[in-house]
Amino acid sequence: AQSVTQPDARVTVSEGASLQLRCKYSSSVTPYLFWYVQYPRQGLQLLLKYYSGDPVVQGVNGFEAEFSKSNSSFHLRKASVHWSDSAVYFCAVSIFSGSWQLIFGSGTQLTVMP
Amino acid sequence: EAAVTQSPRNKVAVTGGKVTLSCNQTNNHNNMYWYRQDTGHGLRLIHYSYGAGSTEKGDIPDGYKASRPSQENFSLILELATPSQTSVYFCASGDGGPAETLYFGSGTRLTVL
């Protein structure tokens, strides 16, 4: 079965520090990979997505993610976080199973301390 | 600006009652989705639609019906609401294909007493 695992339910970092949020997927083929962000009392918004090419993909607001086929991972990174980055981050994979299905991880709550 | 609008924003219902959650999109997207969000589960797909008149079951359709009367509107219906359906519900529209980007509404918080 296809799945997405975000092992860290909560991450706390200080403002200005670097950030990595982890995501691992289970799939027999390379899926389409996504990171979405949910700010308080809002719906999800796309940060970035990847299917092929350069394994490092750039997103909005200084976020980037790196795909690793050998590790089945798609970790999200940011060099220097701001308090406004506090949100819930979801990793997701799109896999074909009769039709294209988007499967979300359980999310990581990021808190940026001032 | 393209948008997905959900109503109501908050809803309190009684067990056994009928609840309708509404969603409107101005993106002109064929695909629309209903998810529920519960702590520890991320988002789980309830129903989806590929266009007006079509509805498909997602991963957790039991206890829910969906209706897509037009390109713009997609409703989620709970005929007999139960406390286990207390959750936050999100509607989304999508631009299609395997690399589809979903555009989400702000959610409806449903409490079933």
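Our subject is the structure listed above.
Computed from a predicted model, the values in this text were never measured in an experiment.

Trainee: Explain the overall build of chain A residue by residue, including any values.
Mentor: A count of helical and extended segments in chain A gives 0 helices and 12 strands. When the helices and strands of chain A are read in sequence order from the N terminus, they spell out β-β-β-β-β-β-β-β-β-β-β-β. Seen through its principal axes, chain A has C-alpha atoms that stretch 45 × 30 × 20 Å. When burial is assessed residue by residue, chain A has 46% of its 114 residues classed as buried.

Trainee: Tell me about the interface of chain B and chain A, residues and numbers included.
Mentor: Taken together, the contact pairs 20 residues of chain B with 19 residues of chain A. Summed over both sides, the interface of chain B with chain A buries roughly 1,500 Å², with 54% coming from carbon and sulfur. The three residues of chain B that bury the most area against chain A are Leu43, Pro98 and Phe104 of chain B, which together make up 32% of that side's buried surface. Our count for the contact surface shared by chain B and chain A stands at 0 salt bridges. It is strand β5 (residues 42-49) of chain B that contributes the most residues to the side of chain B that touches chain A, 4 residues altogether. In terms of residue class, the side of chain B that touches chain A is made up of 10 nonpolar, 8 polar and 2 charged.

Trainee: Go over the pairing of strand β5 (residues 32-38) of chain A, please, and point to the residues and values.
Mentor: Residues and elements named next belong to chain A. Along β5, 7 of the 7 residues are buried, which leaves the element largely enclosed by surrounding structure. Burial of β5 is two-sided: the residues Tyr32, Phe34, Tyr36 and Gln38 facing one way and the residues Leu33, Trp35 and Val37 facing the other way are all buried. Note that β5 and strand β10 (residues 87-96) share 7 bridges and pair antiparallel. Along β10, the bridge assignment pairs tryptophan 35 with cysteine 91. Hairpin connection from β5 to strand β6 (residues 44-50): 5 residues lie between these consecutive antiparallel strands, with arginine 41 at a positive phi of about 60 degrees.

Trainee: Let's hear about the sheet that holds strand β1 (residues 4-7) of chain B: which residues, and what values?
Mentor: All names here are of chain B. Here we have 4 strands laid out as an open sheet, ordered β1-β3-β8-β7, and antiparallel in their pairing. Unpaired on one side and paired on the other, β1 and β7 (65-67) mark the two borders of the sheet. On average, each strand axis in the sheet is tilted by 20 degrees relative to the strand beside it, whichever way the strands run. Sheet analysis places strand β3 (residues 19-25) next to strand β8 (residues 75-78), joined by 3 bridges and oriented antiparallel. Counterpart to valine 19 in the pairing with β8 is leucine 78.

Trainee: Pulling in residues and values, what's your account of the side chain of glutamine 85 of chain B?
Mentor: With respect to the helices, strands and loops of the structure, glutamine 85 of chain B is situated in the loop between β8 and β9 (87-94). Sequence-distant contacts of glutamine 85 of chain B, defined by excluding residues within four places in its chain, comprise Arg36, Gly63, Tyr64, Leu78, Leu80, Leu110 and Val112 of chain B.

Trainee: Explain unusual backbone geometry to me, and be specific about the residues and the numbers.
Mentor: Residue and element names in this part refer to chain B. Here the amide bond leading from serine 7 into proline 8 is cis, since omega sits at -5 degrees, within 30 degrees of zero. With respect to the element layout, proline 8 can be found in the loop between β1 and β2 (10-13). One non-glycine residue, asparagine 28, adopts positive backbone phi at about 60 degrees. By the secondary structure assignment, asparagine 28 is in the loop between β3 and β4 (31-38).

Trainee: Help me get a handle on the side chain of serine 94 of chain A, residues and values and all.
Mentor: As for its position among the elements, serine 94 of chain A is in strand β10. The exposure class assigned to serine 94 of chain A is buried, which follows from its relative accessible area of 4%. At a separation of 2.9 Å, a polar atom in the side chain of serine 94 of chain A contacts the main-chain carbonyl oxygen of proline 98 of chain B. In this structure serine 94 of chain A touches Pro31, Tyr32, Phe34, Trp100, Gln101 and Leu102 of chain A together with Pro98 of chain B, once residues within four positions along its chain are discounted.

About the thresholds
Residues numbered from 1 in each chain as written. Chains lettered and ligands numbered in written order. Predicted model: local features only at pLDDT ≥ 70, side-chain atom pairs only at ≥ 80, totals over all residues. Heavy atoms only, no water. Helix = DSSP H or I, 4+ residues; strand = E, 2+ residues; numbered from the N terminus. Buried < 20%, exposed > 50% of the residue type's maximum accessible area, 1.4 Å probe, protein only. Contact = heavy atoms within 4.5 Å. Buried area = accessible area lost by both parts, 1.4 Å probe. Salt bridge = Lys/Arg side-chain N within 4 Å of Asp/Glu carboxyl O. Nonpolar A, V, L, I, M, F, W, Y, C, P; charged D, E, K, R; others polar. Pairing = 2+ DSSP bridges. Axes fitted to C-alpha atoms, helices over the stretch in contact; angles between N-to-C directions. Polar contact = N/O pair within 3.5 Å; in protein donor to acceptor, adjacent residues only side chain to side chain.

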